[in-house]
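# Structure at a glance
So you can see what is in the structure, the chains are spelled out below.
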Amino acid sequence: MNYMLYASLLGLAFASPHPRQDQRQIQWGSCPDGVPDGLNCSKLSVPIDWNTPGSGTIDIEVAVLNATNPEKRLGYLMLNPGGPGGAAIPLLIAYQRGSWYFSDDLREHFDLIAADPRGVGASNPISCSPDLWNERVILVPGNQTAFDSTVDYWNSFSKSCVNATGPLFGHVDTASAAKDIEALRLALGGEQLNWLGFSYGTMLGSQYAELYPKNIRAMVLDGCVDHRLDGNAQILSEVVSYEATHGKFFEWAAQNSTSALYNQTPTPVEIWDEVVSRASASPIPAPECQDVCCSDVSYEEIILNGQEMLICPSSGFTELAQALNDTHYSNNASLFSTPLAVRGNDSAFGGQAIQCLDWQPHQSTLDAVLYRQQAAEWLGPHVRGLCQSLQVVMSCLGWAVDRVDPPRRYNVSGTPNTVLQVNALWDPSTSFQWAVGLNTQIEGAVLVTRNGSGHTSYEGRGEASRVMDRYLVNLTVPEAHFVVQD
Ligand SMILES: *[C@@H]1O[C@H](CO)[C@@H](O)[C@H](O)[C@H]1NC(C)=O
Ligand SMILES: *[C@@H]1O[C@H](CO)[C@@H](O)[C@H](O)[C@H]1NC(C)=O
Ligand SMILES: *[C@@H]1O[C@H](CO)[C@@H](O)[C@H](O)[C@H]1NC(C)=O
Ligand SMILES: *[C@@H]1O[C@H](CO)[C@@H](O)[C@H](O)[C@H]1NC(C)=O
Ligand SMILES: *[C@@H]1O[C@H](CO)[C@@H](O)[C@H](O)[C@H]1NC(C)=O
Ligand SMILES: *[C@@H]1O[C@H](CO)[C@@H](O)[C@H](O)[C@H]1NC(C)=O
Ligand SMILES: *[C@@H]1O[C@H](CO)[C@@H](O)[C@H](O)[C@H]1NC(C)=O
Ligand SMILES: *[C@@H]1O[C@H](CO)[C@@H](O)[C@H](O)[C@H]1NC(C)=O
Ligand SMILES: *[C@@H]1O[C@H](CO)[C@@H](O)[C@H](O)[C@H]1NC(C)=O
Ligand SMILES: *[C@@H]1O[C@H](CO)[C@@H](O)[C@H](O)[C@H]1NC(C)=O
Ligand SMILES: *[C@@H]1O[C@H](CO)[C@@H](O)[C@H](O)[C@H]1NC(C)=O
């Protein structure tokens, strides 16, 4: 009898499409080997499918770094690094090792919480065929045969994930991950949520806010994604933003003495164009790559991996200048090479699975791809109309599971406090346009503009970072249209 009662209560809790306050409470323990001292870890069981009772469960891995001043503690601050597919626990590990930044103010007032999203990191990572993943597929097919083989390729790859992962593969969408956050908030005792989300973490945060606005004390969205945009609008705006940030890089690379391309002829932009056209004729060798990255580099990989480098202006600008110098003068494209997947649960797969549930194009044809690509190349001539969103859209063609969370407007209202957004003007990934678009979907949200380049702003430790600290600690919100210089 007792067993029956217990089973039906458990069934009841999981039958609900929304998490409920129940007896499940997080019990902190030690972390797995390799995690530095000072962190504690735990697991939270969540249903694979929030809408289907009896669909089975998976564990979400959670880590905490306790507030340094328990008397001043304001609550839990949950972190998400973006991606999609980025694991959160590595942020706390990196902080403990001195290679990530959280201010002393945040450390004093908050228990920092990192939960790897479902399908990502230590939370039942998505598994697929690494051998298939490591094959090179062209991003922009130019004829029907190439288009069909792109679709077939992604169909086979996604089937390898269905086989290796099971039903979770169709349930790593953003709305499901947002419900996990609510389950975690409840299991931590039900205090109001504080959220610091970077990049895709802004989309996860906004989705959470749409579902559970009243449960939020403070929410920072740094480097904003606008899920209203579908394929074409998303790609074209990102290309414009990447091209513009590239322009900032070319100026820097010619004028800053730490740049490998400082004060040279040919100029940085001429070197970039030369390298890209040479690679489009045939891939350039990457002699440093053995087993862990691709042994040569296509022009598409140079452009996409170059976009990644621009995310962090302080180290990324230097790296891109070095990569261009190596490739132009020494035919050595090692720094541009794409990492290879070496395990069945490679970290790339979770992001791929999430993005196809959220952004899979409804339908597409060669004609539509070529039409869009022509516009993208006009708008972004140096980056040849390529960007991460294009990769997202093309790599979800032929996907074995349907999208469940397609592009749409979020409708966030009723948060007790203002939501704070931050975006740089020259962000190579999340266009400032996206931040403005998201701003219209969150009632009362205030968008702070950083007059600079790079993707996300907290790590920069400048004025933007202090604005976020003041908000998270004291709920101080700057005036609308506030601009910071760093
Ligand atoms: C938390 O982790 C530390 C090591 O980082 C360990 O000494 C401590 O016992 C853990 N606390 C609990 C409640 O397990
Ligand atoms: C963090 O605080 C919890 C209780 O609040 C305690 O069990 C745990 O050991 C603390 N962790 C560390 C590393 O001190
Ligand atoms: C990922 O795969 C490796 C090698 O197969 C395995 O050792 C590891 O436990 C897996 N990680 C997780 C979190 O499942
Ligand atoms: C189609 O495109 C592929 C990839 O760019 C190319 O290798 C192939 O020669 C093209 N086929 C035709 C018939 O043009
Ligand atoms: C299915 O996955 C298993 C391992 O889980 C693997 O051995 C097998 O090769 C996979 N089959 C296909 C068709 O991918
Ligand atoms: C750039 O390439 C030139 C020509 O090979 C070389 O002399 C110079 O040392 C390189 N600069 C850097 C910073 O690697
Ligand atoms: C040169 O670039 C470095 C790295 O981005 C930066 O720290 C430094 O301030 C720049 N110097 C000047 C004079 O702009
Ligand atoms: C290629 O470039 C990398 C990165 O700058 C460098 O470490 C390596 O020594 C270079 N290799 C050769 C063969 O020049
Ligand atoms: C947004 O949500 C609010 C509160 O739930 C509701 O009143 C409003 O009608 C919604 N707006 C749209 C456009 O759906
Ligand atoms: C942005 O910075 C530039 C200098 O880098 C300056 O000329 C411009 O006035 C600033 N714009 C705003 C809105 O602060
Ligand atoms: C929060 O407000 C208090 C009181 O005004 C102030 O002393 C403190 O510096 C503020 N904290 C932050 C992070 O702005």
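Going by an unreviewed UniProt entry, the protein carries the name Putative hydrolase and comes from Cyphellophora attinorum.

Attention now moves to the site of ligand 2. With respect to spatial proximity, the complete set of residues near ligand 2 consists of Gly38, Asn40 and Asn66. A distance of 2.4 Å separates an oxygen atom of ligand 2 from a polar atom in the side chain of asparagine 66. Contact with the protein chains hides 36% of the accessible area of ligand 2, taken as 360 Å² for the molecule alone.

This next bit is on the UniProt feature "domain: AB hydrolase-1" (unreviewed entry) in the protein. Within this structure's numbering, the places UniProt gives as "domain: AB hydrolase-1" (unreviewed entry) are residues 77–274. Regarding residues 77–274, the helix share stands at 49% and the strand share at 12%, and the terminal C-alpha atoms are separated by 46 Å.

What follows deals with the pattern of salt bridges. Applying the stated criterion across every chain yields a total of 13 salt bridges. Across the pair glutamate 108 and lysine 72 runs a salt bridge, and its minimum N-O distance is 3.7 Å. Here the residue glutamate 108 occupies a position in helix α3 (residues 104–109), and lysine 72 occupies one in the loop between β2 (57–65) and β3 (75–80), the gap between them amounting to 36 residues. On the basis of relative accessibility, which here comes to 41%, the residue lysine 72 falls in the partly exposed class. Residue arginine 118 pairs with aspartate 180 through a salt bridge whose shortest N-O separation is 2.6 Å. Here aspartate 180 lies in helix α6 (residues 174–187) and arginine 118 lies in the loop between β4 (110–115) and α4 (130–133), a separation of 62 residues in the sequence. Side by side, arginine 118 and aspartate 180 carry an identical accessibility label, which is buried. One connected set of salt bridges, linked through shared partners, spans Arg73, Asp111 and Glu191.

Around ligand 8, a shell composed of Glu288, Asp326, Asn332, Ser334 and Leu335 is seen. Measuring from an oxygen atom of ligand 8, one finds a side-chain N or O atom of aspartate 326 at 2.6 Å. A distance of 2.4 Å is found between an oxygen atom of ligand 8 and a side-chain nitrogen or oxygen belonging to asparagine 332. Protein contact buries 49% of the 370 Å² of open area that ligand 8 shows by itself. Here the shell around ligand 8 is composed, by residue class, of 1 nonpolar, 2 polar and 2 charged.

Let us now look at the pairing of strand β6 (residues 216–222). Counting buried residues in β6 gives 7 out of 7 residues, a clear majority hidden from the surface. The pairing of strand β5 (residues 193–198) with β6 spans 6 bridges and is classified as parallel. Bridging from a neighbouring strand, phenylalanine 198 pairs with aspartate 222 of β6. At this point the chain moves from β5, through helix α7 (residues 200–211), to the parallel β6, and the crossover so formed is right-handed. Pairing between β6 and strand β9 (residues 420–426): 3 bridges, direction parallel.

Pairing within the open sheet is mixed, and its 9 strands lie in the order β1-β2-β4-β3-β5-β6-β9-β10-β11. One side of each edge strand has no neighbouring strand; the edge strands of this open sheet are β1 (39–47) and β11 (483–484). Taken together, the 9 bridges between β1 and β2 define a ladder with antiparallel strand orientation. Its bridge partner being in β2, lysine 43 is matched across the sheet by glutamate 61. This element, helix α2 (residues 89–96), spans β1, β2, β3, β4 and β5 of the sheet and lies at about 25 degrees to β2. The sheet strands contacting helix α15 (residues 432–439) are β6, β9 and β10 (446–453), and the helix crosses β9 at an angle near 155 degrees.

Our focus in this paragraph is the layout of surface pockets. Over the atoms rolls a probe the size of a water molecule, and in doing so it shows where empty space is left. In this model, the second largest pocket occupies a volume close to 200 Å³. Contributing to the lining of the second largest pocket are 15 residues, with Asp230, Gly231, Asn232, Pro361 and Gln363 lying nearest its centre. Looking at the lining of the second largest pocket, its residues break down into 6 nonpolar, 6 polar and 3 charged.

Another aspect to go through is the packing of aromatic side chains. Summed over the entire model, instances satisfying the criterion amount to 16 aromatic pairs. Here tryptophan 133 and phenylalanine 157 contribute two aromatic rings whose centre-to-centre distance is 5.3 Å and whose plane-to-plane angle is 45 degrees, an arrangement assigned as tilted. Linking tryptophan 133 in helix α4 with phenylalanine 157 in helix α5 (residues 144–165), this pair joins segments that are 24 residues apart in sequence. A relative accessible area of 21% places tryptophan 133 in the partly exposed class. A residue is classified by how much of its surface remains accessible, and phenylalanine 157, at 0% relative accessible area, is buried. Taken together, the ring pairs connect Trp133, Tyr153, Trp154, Phe157, Phe169, Phe349 and Trp399 into an aromatic cluster. In this structure, arginine 73 is placed above the aromatic ring of tyrosine 76, and the distance from its NZ or CZ to the ring centre is 4.6 Å. Sitting above the plane of the tryptophan 426 ring, lysine 248 keeps its charged end 4.1 Å from the centroid.

Linking two cysteines covalently via their sulfur atoms produces the bond known as a disulfide. Overall, the coordinates contain 4 disulfides when judged by the stated rule. Cysteine 128 shares a disulfide with cysteine 161; S-S distance 2.2 Å. Judged by the torsion about the S-S bond (110 degrees), the cysteine 128/cysteine 161 disulfide is right-handed. Separated by 33 residues along the polypeptide, cysteine 128 in the loop between β4 and α4 and cysteine 161 in helix α5 bring together distant segments of the chain. Sulfur-sulfur distance for the disulfide between cysteine 356 and cysteine 396 comes to 2.0 Å. Judged by the sign of its S-S torsion, about -85 degrees, the bond between cysteine 356 and cysteine 396 is left-handed. In this pair, cysteine 356 is assigned in helix α12 (residues 347–359) and cysteine 396 in the loop between α14 (388–395) and β9, connecting sequence segments 40 residues apart. For cysteine 356, a relative accessible area of 0% gives the class buried. The buried category is assigned to cysteine 396, whose relative accessible area is 1%. With cysteine numbering restricted to those in disulfides and following the sequence, the protein has the pairing 1-2, 3-4, 5-6, 7-8. This cysteine, cysteine 224, is not joined by any disulfide, and cysteine 387 carries the nearest cysteine sulfur, 17 Å off. Note on cysteine 387: relative accessible area 0%, which makes it buried.

Parameters and conventions
By convention here, each chain's residues receive numbers from 1 onward along its written sequence. Each chain gets a letter, beginning with A, and each ligand a number, beginning with 1, in the order they are written. Thresholds applied to this predicted model are a pLDDT of at least 70 for local features of residues and 80 or more for the giving and counting of side-chain atom pairs; totals over whole chains, interfaces and linings are not thresholded and use all residues. Hydrogen atoms and water are omitted, and side-chain values are computed over all heavy atoms in the structure. Distances are taken per atom, and a residue is near a molecule or strand as soon as one of its heavy atoms is within 4 Å of it. Here a polar contact is taken to be a pair of N or O atoms separated by no more than 3.5 Å, where protein atoms must pair a possible hydrogen donor with a possible acceptor and residues adjacent in sequence count only if both atoms sit in side chains. All accessible-area figures derive from a Shrake-Rupley calculation using a 1.4 Å probe, and residue coverage is judged against the displayed protein chains alone. UniProt positions are given in the numbering used here, feature names are shortened, and annotations may be inferred rather than shown by experiment. Strands are runs of DSSP state E lasting at least 2 residues, helices are runs of H or I lasting at least 4, and numbering of each runs from the N terminus. Any Lys or Arg side-chain nitrogen located within 4 Å of an Asp or Glu carboxyl oxygen qualifies as a salt bridge. A 1.4 Å probe rolled over the protein chains alone gives each residue an accessible area, and that area as a share of the maximum for its type sets the label: buried under 20%, exposed over 50%, partly exposed in between. When residues are sorted by character, Ala, Val, Leu, Ile, Met, Phe, Trp, Tyr, Cys and Pro go into the nonpolar class, Asp, Glu, Lys and Arg into the charged class, and all the rest, Gly among them, into the polar class. Whether two strands pair depends on DSSP finding at least two bridges between them. A crossover gets the label right-handed when its path from the first strand over the helix to the second runs clockwise, viewed with the strands pointing away from the viewer. In what follows, residue pairs with any heavy atoms lying within 4.5 Å of each other are defined as contacts. Every axis corresponds to a line fitted to the C-alpha atoms, with the helix fit spanning only the stretch in contact, and the corresponding angles, defined between N-to-C directions, vary from 0 to 180 degrees. For each structure, a 1 Å grid was placed over the protein atoms alone; sets of points admitting a 1.4 Å probe that cannot get out are labelled cavities, open sets with protein on both sides within 12 Å along at least five of seven lines are labelled pockets, and lining residues have an atom within 4 Å of a point. Grid points are joined across faces, edges and corners, and a volume is the space filled by probe spheres set on the points. Ring geometry is summarised as follows: Phe, Tyr and Trp rings, the Trp one being its six-membered ring, pair when their centres sit within 6.5 Å, and such pairs are stacked at plane angles under 30 degrees, edge-to-face over 60 and tilted between the two. Two limits define a charge over a ring: the Lys NZ or Arg CZ must be within 6 Å of the ring centre, and within 35 degrees of the ring normal. Note on terminology: disulfide denotes any pair of cysteine sulfur atoms within 2.5 Å.

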